[in-house]
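# Structural characterization, general
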Amino acid sequence: MGILSNQFANVVEWEEFDDNLIFWKWTNKEIKKGSRLIIRPGQDAIFLYQGKVEGVFKDEGDYDIESKIIPFLSTLKGFKFGFNSGLRAEVLFINTKEFTIKWGTKGPIMLQAPGLPGGMPVRANGTANVKVSDYMTLIDKVAGVKQSYSIEDVKLRIITVLDQLLMKWISKEGKDMFNLQASSFDISKGIQEDLDMEISKDGISVTGFSINNFNYPEEIQKKITQAAAQSMVGDVNKYTQMTMVDAMADGKMNSGNSTMGSMAEMMMGASVASQMMNGMGMGMGQPQQQMQQGYPQGQPMQQQAAPQQAAPAAGAGPKFCPECGTPANGAKFCQNCGTKLM
């Protein structure tokens, strides 16, 4: 009898385990005397009898069903295996890990934006984290009619409602349409709350939600990048100068047309010189005025000699007699020696 008994023995376990499955149902088999239940790490096992939950087992291990499982079942505590009788039940294996879903909008979301009557098309992508939180709801809504349930099924549920939630939370509180990334944390938090409320109807919770990027049309993105660069420079003239300097450094101005490149460099040099003079409080015409007022033409300012002492005015006599050195005191003849002074 022992030999025949062992012929009916089987193992209740998650066969061909797939880490992308949220649950898998062991069914349509009869549990015989001597059968064992194997619960692996990251799994929970739920015994179902005639659609009713009999017991939930969360500790990993290898259990003899007759002695370790049956005594803990709700309505089958007194079940006795006979020689030809077995227990026809179902065992639902739950994957207890937290799943990460990569999502992206199915199409562009048309958002209202100033100056764009038709709206601005925006795409987004990111991640969502989910896990099973309510076994009873999961069984009632999903496992009762499905043999298995994958993370792709959950992803489909999320994407179905995600576009509407993005529109809701982006538009809320007047978010800046051209700088959505700065508001991504608040938008993500609001979406997670609404999404969790929706997905929890299937016994699954949304434990995390994040937006990695907002993607604008190429033309809009170029304008945003240009505006950001200009804002960092702080001045249109300086932005133009930097652009020209970058072009000269890359050799793009001289490429194919040396004359145009040289002219551009000359214009750049004149522009920089003008900015330097303006910074020193001098206009473009001021150096010429200074040259006309105090410096000989054609002679560099740094090479000019120091001003000499002015010569005596015409008709004025010396202050001292050239012969004896007596003070002249404005006289025409020296009072000491009689020498003519004027």
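Not measured: the values here are computed from a predicted model. (Residues numbered from 1 in each chain as written. Predicted model: local features only at pLDDT ≥ 70, side-chain atom pairs only at ≥ 80, totals over all residues. Heavy atoms only, no water.)

### Quick notes on the overall build of the protein
- Helices and strands together make up the secondary structure of the protein, namely nine helices and 14 strands.
- Counting all 342 residues of the protein, 32% fall into the buried class.
- The long-range share in the protein, meaning contacts at least 24 apart out of those at least 6 apart in sequence, stands at 64%.
- With the model as given, the accessible surface of the protein reaches about 21300 Å², and the carbon-plus-sulfur share is 53%. (Helix = DSSP H or I, 4+ residues; strand = E, 2+ residues; numbered from the N terminus. Buried < 20%, exposed > 50% of the residue type's maximum accessible area, 1.4 Å probe, protein only. Contact = heavy atoms within 4.5 Å. Areas by Shrake-Rupley, 256 points an atom, 1.4 Å probe, with all protein chains shown as cover.)

### Concerning the nonpolar core
- In terms of nonpolar packing, the biggest core is built from 45 residues, with V130, V154 and L166 touching the most fellow members.
- Of the residues forming this core, the biggest block, nine residues, is contributed by helix α4 (residues 151-171).
- For L166, the residues in contact, after removing those within four places along its chain, are W103, T105, I109, A124, I191 and I211. (Core = buried A, V, L, I, M, F, W, Y, C linked by side-chain atoms within 4.5 Å.)

### A look at unusual backbone geometry
- The backbone of E16 sits at a positive phi, close to 50°, despite the residue not being glycine.
- Within the secondary structure, E16 is located in the loop between β1 (11-12) and β2 (21-26).
- For E16, a relative accessible area of 77% gives the class exposed.
- Backbone geometry at Q50 places phi at a positive 55°, although glycine is not the residue there.
- The exposure class of Q50 is exposed, given its relative accessible area of 70%.

### What to know about the state of the cysteines
- Considering all chains together, one arrives at zero disulfides under this definition.
- The thiol of C321 is unpaired, and the distance to the nearest cysteine sulfur, on C334, comes to 3.6 Å. (Disulfide = S-S within 2.5 Å.)

### Side note on the side chain of N129
- Along the chain, N129 turns up in strand β12 (residues 116-132).
- Sequence-distant contacts of N129, that is, excluding residues within four places in its chain, are made with E98, F99, T100, S205, V206, T207 and G208.

### Considerations on the packing of α4 against helix α5 (residues 184-199)
- One can describe the packing of α4 onto α5 by two numbers: an axis separation of 10 Å at closest approach and a directional angle of 140°. Classified by the angle between their axes, α4 and α5 sit oblique to one another. Seen along the crossing, α4 lies across α5 with a hand that is right-handed. Across the interface between the two elements, R157, I158, V161, L162, L165, L166, K168, W169 and I170 of α4 pack against I187, G190, I191, D194, L195, E198 and I199 of α5.
- Here the residues of the contact of α4 with α5 are counted per class, giving eleven nonpolar, one polar and four charged. (Axes fitted to C-alpha atoms, helices over the stretch in contact; angles between N-to-C directions. Parallel < 35°, antiparallel > 145°, perpendicular 65-115°, else oblique. Left-handed = near helix turned anticlockwise from the far one by under 90°. Nonpolar A, V, L, I, M, F, W, Y, C, P; charged D, E, K, R; others polar.)

### Describing the sheet that holds strand β13 (residues 148-150)
- Strand order in this open sheet of five strands is β6-β5-β9-β2-β13, and the pairing throughout is antiparallel. Only two strands of the sheet have a single partner each, and these edge strands are β6 (52-57) and β13. The sheet shows a mean angle of 20° between the axes of neighbouring strands, taken without regard to direction.
- Judged from the four bridges that link them, β2 and strand β9 (residues 90-95) form a sheet pairing that is antiparallel. When the bridges of β9 are listed, F23 appears paired with I94.
- Sheet contacts for α4: β2 and β13; angle to β13, the most-contacted strand, approximately 60°. (Pairing = 2+ DSSP bridges.)

### Some thoughts on the packing of aromatic side chains
- For the structure on display, the rule yields eight aromatic pairs.
- Consider the rings of W14 and W24, whose centres lie 6.4 Å apart with planes at 10°: the pair is stacked. Taken together, the residues span a long stretch of sequence, with W14 in the loop between β1 and β2 and W24 in strand β2 at a distance of ten residues. Accessibility classification places W14 together with W24 in one group, the buried group.
- Where W103 meets F209, the ring centres are 5.3 Å apart and the plane angle is 10°; that geometry is what we call stacked. Taken as a pair, W103 in strand β10 (residues 99-104) and F209 in strand β14 (residues 204-215) lie far apart in primary sequence, 106 residues in all. Each member of the pair W103 and F209 is classed as buried.
- Among the aromatic residues, those joined into a ring-pair cluster are W14, F17, W24 and F93. (Phe/Tyr/Trp six-rings, centres within 6.5 Å; stacked < 30°, edge-to-face > 60°.)

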